[in-house]
Amino acid sequence: MTIGQFFKLRNTTAVPAKIKVKIVGMKMGQEMTNARFMVWLKRKEKARGTELRQAVGKSVVWGEDITMSSTLYRDKNTGRFKQKRYSVVVIRDSGEYFGTCEINVGTDVEEVNIPLAECKDEYARIRLAISVHLNDDDYL
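Below, the structure is looked at part by part. What you are looking at is a predicted structure, and each value in this text was computed from that prediction instead of being measured.

**A few points about the pairing of strand β2 (residues 36–43)**
Moving on, step 1. Relative to strand β4 (residues 53–54), β2 runs antiparallel, the two sharing 2 bridges. Across the sheet, arginine 36 pairs through a bridge with glutamine 54, a residue of β4.
Moving on, step 2. Pairing analysis gives 6 bridges linking β2 to strand β6 (residues 85–92), with the strands arranged antiparallel. Looking at the pairing, lysine 42 lines up with serine 87 of β6.
Moving on, step 3. As defined by bridge partners, β2 adjoins strand β3 (residues 46–49) across 4 bridges and the pair is classed as antiparallel. Among the inter-strand pairings, arginine 43 is bridged to a residue of β3, identified as lysine 46.
Moving on, step 4. The antiparallel pairing of β2 with β3 creates a hairpin that spans 2 residues between the two strands, and lysine 44 there sits at a positive phi of about 50 degrees.

Structure below.
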């Protein structure tokens, strides 16, 4: 353990949680009617994904939830959770990456549109929402 890790853990409390990311849909700048897409939520060795969905015109609709267990770290001074980054990866049915973005699952987020990085379509945006449920919540 490095000195930085020691101080990080000393000032935080580990909290087991369920992270729920609702993948609402995706808008694109170009029509992709014959393409199918899926979304993966990834962090280190953990990964969960959606079903393949057919694009209609310039959009894809999933309306699916991806749920993962995670340990969040609460700052003892502020009471807030530290940032925890997950990757959202959009993949075409051919296995080709369409685009990616990063999200912070340390806080609840209402539905937002996030631009996709590393994407040939500069207008592509994925719409999602994030819910954090602590293991002592009735959610489980």
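**A word on the sheet that holds strand β5 (residues 59–75)**
Backbone-to-backbone hydrogen bonds join strands into a sheet, with any given pair of strands oriented parallel or antiparallel.
Moving on, step 1. One open sheet accounts for 4 strands, arranged β5-β1-β9-β8; its pairing is antiparallel. One side of each edge strand has no neighbouring strand; the edge strands of this open sheet are β5 and β8 (109–115). Strand-to-strand twist across the sheet, computed as the mean angle between neighbouring axes with direction ignored, equals 25 degrees.
Moving on, step 2. Alignment of β8 against strand β9 (residues 125–134), held across 5 bridges, turns out to be antiparallel. What sits directly across from asparagine 113, in β9, is arginine 127.

**Quick word on the nonpolar core**
The nonpolar side chains of a soluble globular protein tend to be buried, and buried together.
Moving on, step 1. Counting 34 residues, the largest nonpolar core has Phe37, Phe98, Ile103 and Ile126 as the members making the most contacts within it.
Moving on, step 2. Considering each element in turn, this core owes the most residues, 6 residues, to strand β1 (residues 12–27).

**Some words on the environment of arginine 48**
Moving on, step 1. Within the secondary structure, arginine 48 sits in strand β3.
Moving on, step 2. Separated by 18 residues in the primary sequence, arginine 48 and isoleucine 66 have C-alpha atoms spaced 6.6 Å apart.

**Quick notes on the pattern of salt bridges**
Moving on, step 1. This structure, assessed with the given rule, holds 7 salt bridges.
Moving on, step 2. Between aspartate 75 and lysine 82 there is a salt bridge whose closest N-O contact spans 3.2 Å.
Moving on, step 3. Residue aspartate 75 is classed as buried on the basis of its relative accessible area of 13%.
Moving on, step 4. Notably, a salt bridge pairs glutamate 111 with arginine 127, separated by 3.0 Å at the nearest N-O pair. On the criterion of sequence distance, the pair formed by glutamate 111 in strand β8 and arginine 127 in strand β9 is long-range, its members being 16 residues apart.

Analysis parameters
Residues numbered from 1 in each chain as written. Predicted model: local features only at pLDDT ≥ 70, side-chain atom pairs only at ≥ 80, totals over all residues. Heavy atoms only, no water. Pairing = 2+ DSSP bridges. Helix = DSSP H or I, 4+ residues; strand = E, 2+ residues; numbered from the N terminus. Axes fitted to C-alpha atoms, helices over the stretch in contact; angles between N-to-C directions. Core = buried A, V, L, I, M, F, W, Y, C linked by side-chain atoms within 4.5 Å. Buried < 20%, exposed > 50% of the residue type's maximum accessible area, 1.4 Å probe, protein only. Salt bridge = Lys/Arg side-chain N within 4 Å of Asp/Glu carboxyl O.

It is worth stressing that arrangement in space is one thing and function is another; only the former is reported here.
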